[in-house]
Amino acid sequence: MQPGTPPTVTPFLRTAAAYAWRVLVVGLLVYSLFAVLGRFHEIGVAVFLGLVVTALLRPVADVVARGLPRPLAVALTLIGSIALVLGVLALMGEAVAGERTTLVREFRVGIGRIEDWLERPPFRLDPGALSDLQSRIGSFLSSHRSTLVSTALSGAGHVVAVLTTLALALFCAVFFIHSGDRQWRWFQEQLPRSVRGRVGIGGRAAWRTFTGYTHGIVLVAAINAVLVGLALWLLGVPLAVPLALLEFLAAFVPLIGSPIALAVAAVVALASQGPLVAAVVVALIVVIGQIEGHLLHPLVMSWAVRLHPLVVAVSVIAGSIAAGIVGAVVAVPLVSVVWSVHTSLREARGATDA
């Protein structure tokens, strides 16, 4: 190279540098978005829950609105849904209250059975170890009573925040169900004409994917809950209905939610029915996991975007790190929506070029 001649950059390095600064910009934008959402996470959670309720109840409200005025149809749909949820919760509470005496007795017997089992081979646990552990737990609770009380009182503030978030979610759902399409058209009219078409394509793809995912995950969770409830009832495990409800809620966290809920059921089975029934429940974890992963998700979620299991796992872990349980629940639908919007815009651009 002659003196004074500018250095030659290879095409590969030039391309890598171009992609690198774009990746940095995108990463900065994503970090800024999560930082803003972290500051106002209650609002984000409320809007997300409002969208979930809208995806579930808007078809029902549309059917009811064929014979009634739209506001009355929305009110009847929401009130009926709230009454249904409260009725299910009341049924769970009545079931737990009705079995409370029996459960206390069975758990006492079951804990003694577990202690005897741990004292025999192959564990050979010291007989006084568990008793010493119980006394230590009791002394710890006695010595830290004031701390526990203050923690409980501070938890009351979290309860108020949760109730406020739920109220805002319901408020958002009312307007989304009643006139969400008009709100979306108004939003598009505020944008420059040059981008309205792309925003419309992306918005339709996002809503189609979000509603498909919501309907699919609710159906998968319901099927899992029915299977778990029937299996636990046939095995004679107490609290079969509440444990089935726990399985329904846990199924909204893909891959890891159902095993955690069934692990709780296995602990209940171990304390009440012994290690044999607990082993059957553990086998149930494997069977239901296979049914969910290889049958329910491919069939039920076919109208939503299909993501590779590795993408789902990384999304759930990243979401849980960023925002805990809420992040784990939101991560997969968020990634699905983003990928669906990208695919729709790419197809529209390809059709225009063609």
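Note that this is a predicted model, so its numbers are computed, not measured.

Asker: Quick question: what am I supposed to make of the packing of helix α7 (residues 193-235) against helix α8 (residues 240-250) here?
Answerer: How two helices sit against one another is set out by the angle between their axes and by the gap between those axes. Their axes nearest at 8 Å, the elements α7 and α8 cross at an angle of 155°. By the angle between their directions, the pair α7 and α8 is classed as roughly antiparallel. In this structure, the crossing between α7 and α8 has a hand that is right-handed. Every residue of α8 that contacts α7 at Val218, Ala221, Ala222, Asn224, Ala225, Val228, Gly229, Leu232 and Trp233 is listed here: Ala240, Leu243, Ala244, Glu247 and Phe248. In terms of residue class, the contact of α7 with α8 is built from 11 nonpolar, two polar and one charged.

Asker: Is there a simple way to explain α7 in this structure?
Answerer: Quick reminder: α-helices carry 3.6 residues per turn. Residues three or four places apart thus point the same way. Between its first and last C-alpha atoms α7 spans 63 Å; for 43 residues at 1.5 Å apiece the expected length is 63 Å, and the two agree. The positive-phi residue at the C-terminal boundary of α7 is Gly236, with phi of around 80°.

Asker: Honestly, the packing of aromatic side chains in this entry has me stumped. Any pointers?
Answerer: The geometry of an aromatic ring pair comes down to the distance between the two centres and the angle between the two planes. Under the counting rule described, the total for this entry stands at five aromatic pairs. Clustering of aromatic rings is evident, with ring pairs tying together Phe48, Trp207 and Phe210.

Asker: Any chance you could explain the pattern of salt bridges here in plain terms?
Answerer: Side-chain pairs of opposite charge can arise where the charged atoms are in close proximity. Under the counting rule described, the total for this entry stands at three salt bridges. Where Asp62 meets Arg70, a salt bridge forms, and the shortest distance between an N and an O atom there is 2.6 Å. Taking the relative accessible area as the measure of exposure, Asp62 reaches 32% and is therefore partly exposed. Residue class for Arg70 comes out partly exposed when judged on its relative accessible area of 21%. Connected via shared salt-bridge partners are Arg58, Asp62, Arg70 and Asp181.

Definitions and limits used
- Residues numbered from 1 in each chain as written.
- Predicted model: local features only at pLDDT ≥ 70, side-chain atom pairs only at ≥ 80, totals over all residues.
- Heavy atoms only, no water.
- Axes fitted to C-alpha atoms, helices over the stretch in contact; angles between N-to-C directions.
- Helix = DSSP H or I, 4+ residues; strand = E, 2+ residues; numbered from the N terminus.
- Parallel < 35°, antiparallel > 145°, perpendicular 65-115°, else oblique.
- Left-handed = near helix turned anticlockwise from the far one by under 90°.
- Contact = heavy atoms within 4.5 Å.
- Nonpolar A, V, L, I, M, F, W, Y, C, P; charged D, E, K, R; others polar.
- Expected span 1.5 Å × (residues − 1).
- Phe/Tyr/Trp six-rings, centres within 6.5 Å; stacked < 30°, edge-to-face > 60°.
- Salt bridge = Lys/Arg side-chain N within 4 Å of Asp/Glu carboxyl O.
- Buried < 20%, exposed > 50% of the residue type's maximum accessible area, 1.4 Å probe, protein only.

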